[in-house]
Amino acid sequence: MDTRNHLSVISLLLVVAWLFHLQCDDGPSKPWPYVSDYDIYVRGFLTAEDDFLIYNTKTETIIDSFPMAYSSHDPQVSADGLLLFLPGFHLTEQLAVADTRTKSILRTVDIKGSYMAVSPNNRNIAIFGDSIHIVDITTFGVVYSDTTPVQPGRFNLKGDKLLCATSQCDILILDLATDPVTRTIIDYPGYCPYMVSSSIDDKILFVLSYSGSRYRGFFEVYDTESDTILFQHELLTLYGHLEITPDGNYAVFAEIQEYISPPEDPPSPRTVNIYDARNLRMKTIIPTYGVDPAHPDGLAQYKFIITPDSRWYIGSGEGITAIDLGSFQLKQIIEGRWTYPISCRKIIK
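What counts and how
- Along each chain, residues carry numbers from 1 onward, in the same order as the chain's sequence is written.
- Since the coordinates come from a predicted model, pLDDT governs what is reported: local features require at least 70, and pairs of side-chain atoms require 80 or more to be given and counted, while whole-chain, interface and lining totals use all residues.
- Excluded from the side-chain calculation are hydrogens and water; included are all heavy atoms of the structure.
- Here, a salt bridge means any Lys or Arg side-chain nitrogen found within 4 Å of an Asp or Glu carboxyl oxygen.
- Numbered from the N terminus, helices here are DSSP runs of H or I no shorter than four residues, and strands are runs of E no shorter than two.
- When a residue's accessible area, from a 1.4 Å probe over protein chains only, is under 20% of the maximum for its type it is buried; when over 50% it is exposed; and in between it is partly exposed.
- Strands pair, by our definition, only if DSSP identifies at least two bridges between them.
- Between the N-to-C directions of two axes lies an angle of 0 to 180 degrees, each axis being a line fitted to C-alpha atoms and, for a helix, fitted only over the stretch in contact.
- By convention in this document, the label disulfide applies to cysteine sulfur atom pairs within 2.5 Å.
- The aromatic pairing rule takes the rings of Phe, Tyr and Trp, using the six-membered ring of Trp, and pairs them if the centres are within 6.5 Å, calling planes under 30 degrees apart stacked, those over 60 edge-to-face and the rest tilted.
- What qualifies as a polar contact is a pair of N or O atoms within 3.5 Å, subject to a donor-acceptor requirement within protein and to the restriction that residues adjacent in sequence count only when both atoms come from side chains.
- Residue contacts are counted whenever heavy atoms from the two residues lie within 4.5 Å of one another.

*Asks:* So, the pattern of salt bridges: which residues are in play, and what are the values?
*Replies:* For the coordinates displayed, the defined rule picks out nine salt bridges. Note that Glu225 is salt-bridged to Lys203, the shortest N-O span being 3.9 Å. In this pair, Glu225 is assigned in the loop between β18 (216-223) and β19 (228-234) and Lys203 in the loop between β16 (192-198) and β17 (204-211), connecting sequence segments 22 residues apart. Assessed through its relative accessible area of 60%, Glu225 is described here as exposed. A relative accessible area of 39% places Lys203 in the partly exposed class. Across the salt bridge formed by Asp324 and Arg311, the nearest N and O atoms sit 3.1 Å from each other. One end of the pair, Asp324, is in strand β26 (residues 319-324); the other, Arg311, is in the loop between β24 (301-306) and β25 (312-317), with 13 residues separating them in the sequence.

*Asks:* Summarise the sheet that holds β18; cite the residues concerned and give the values.
*Replies:* Strand order in the open sheet formed by four strands is β16-β17-β18-β19, and the pairing between neighbours is antiparallel. One side of each edge strand has no neighbouring strand; the edge strands of this open sheet are β16 and β19. On average, each strand axis in the sheet is inclined to that of its neighbour by 25 degrees, with strand direction left out of account. Two strands pair when backbone bridges link them, and β16 and β17 are joined in this way by six bridges, in the antiparallel orientation. Across the sheet, residue Pro193 finds its bridge partner in β17, namely Ser209.

*Asks:* Lay out the state of the cysteines with the relevant residues and their values.
*Replies:* Any covalent bond linking the sulfur atoms of two cysteines counts as a disulfide. As enumerated under the stated definition, the model contains one disulfide in all. Here Cys169 connects covalently by a disulfide to Cys192, the sulfurs 2.0 Å from one another. Measuring the twist about the S-S bond at about -85 degrees, one finds the Cys169-Cys192 disulfide to be left-handed. Of the two residues, Cys169 is situated in the loop between β13 (161-165) and β14 (171-175) and Cys192 in strand β16; the sequence distance between them amounts to 23 residues. The class of Cys192 is buried, set by a relative accessible area of 12%.

*Asks:* Before we move on, could you go through the sheet that holds strand β28 (residues 339-344) and cite the residues and values that matter?
*Replies:* Strand order in the open sheet formed by four strands is β3-β2-β1-β28, and the pairing between neighbours is antiparallel. For this open sheet the edge positions go to β3 (61-67) and β28, each flanked by a neighbour on one side alone. Between one strand axis and the next, the sheet turns through 25 degrees on average, direction left out of account. As defined by bridge partners, strand β2 (residues 51-56) adjoins β3 across six bridges and the pair is classed as antiparallel. Bridging across to β3, Ile54 finds its partner in Asp64.

*Asks:* Report on the environment of Leu86, specifying residues and quantitative values.
*Replies:* By the secondary structure assignment, Leu86 is in strand β5 (residues 83-86). The buried category is assigned to Leu86, whose relative accessible area is 0%. Separated by 11 residues in sequence, Leu86 and Val97 place their C-alpha atoms 6.1 Å apart.

*Asks:* Which residues make up unusual backbone geometry, and what are the values?
*Replies:* Cis rather than trans, the peptide bond between Asp179 and Pro180 has omega equal to 5 degrees. Considering the arrangement of structural elements, one finds Pro180 in the loop between β14 and β15 (182-186). The phi dihedral of Phe328 is positive, around 55 degrees, even though this residue is not glycine. The residue Phe328 is located in the loop between β26 and β27 (329-335) in this model.

*Asks:* Outline the packing of aromatic side chains, supporting the account with residue identities and numerical values.
*Replies:* Tallying each qualifying case throughout the model produces 14 aromatic pairs. Ring-pair connections join several aromatic residues into one group, and the members of that group are Phe206, Phe219, Phe231, Phe253 and Tyr275.

*Asks:* Summarise the side chain of Asp74; cite the residues concerned and give the values.
*Replies:* Locating Asp74 in the fold gives a position in the loop between β3 and β4 (76-77). Reaching out from Asp74, the side chain makes a polar contact with the side chain of Gln76 at a distance of 3.2 Å. Not counting chain neighbours up to four residues away, the residues in contact with Asp74 comprise Phe85, Pro87, Ser114, Tyr115, Met116, Lys303 and Pro341.

Okay, structure coming up:
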């Protein structure tokens with residue numbers, strides 16, 4: 001064989017092998033080709049006034065802090081990063097809307113509730129109190145109301161469905177893509193749910209549930225089409241927090257920190273769990289202990305968010321925890337004060 005032809009064949013085989021490796025590699029996710037740049041809003045606790053810290057994922061530092069005169073239980077940032085929503089700390093207080101640039105209150109809306117969710121498509125917010133209120137972000141008019149007693153819910157990845165666990169241990173799904181809004185109740189076959197997220201195609205539900213008799217929490221994977229629990233993982237604690245990555249690849253859950261838990265609850269394992277949402281199997285467990293020499297015991301987690309590029313896990317609790325979901329490694333712990341709740345400026349700058 002001609003030497004040049006021989007080298008061409010080898011080169012072709014190398015290219016094919018390289019492409020095959022790209023298709024079949026099941027190792028850690030590759031680094032992002034761009035810099036992840038998001039502002040994470042973290043509310044401080046145990047201070048004279050409510051105040052916010054802003055942690056930036058690009059600089060990996062706290063870049064700003066500011067006070068907020070309006071007390072809020074569960075502040076959230078709009079999907080375009082322009083508005084800060086402040087549901088009242090008490091059920092008698094109205095929703096306040098602040099400008100993230102000026103940090104001033106723009107208006108109040110006569111809707112009462114202490115918890116809320118923001119749709120990823122930036123069209124609606126949901127307020128949870130004695131009732132569910134879904135509100136149009138542009139007009140601040142009420143799109144839908146429901147008096148079903150529910151746990152605070154969240155929108156699916158497309159932003160056109162709202163999923164809530166009910167006080168009867170069922171799951172309520174509100175489909176906003178229909179007119180009028182379609183209301184579906186799922187007679188959930190697992191333990192009693194309190195937090196629900198859905199897969200990218202909405203066919204699989206990822207559920208945090210609890211058993212009062214066993215005094216334990218569970219992470220469960222539910223197939224809506226076969227009405228079957230596909231996977232169940234028992235937690236050490238009674239409650240946890242759950243988010244689906246915006247790319248639909250992973251369901252991330254952590255057991256909540258011990259000072260928030262009931263006194264009978266054992267300490268948090270101080271780990272973050274990653275479940276492969278596409279292949280329906282556990283991916284990995286990330287410890288926060290034994291990694292940072294300054295914090296050998298790690299930090300117990302509470303509420304957390306996943307940045308819109310699915311790159312960063314940013315957790316609150318005894319401090320701020322930053323985990324790179326590309327390498328599945330703890331990158332940073334910032335300790336020193338109590339933090340909660342947490343929200344994200346959604347749009348890359």
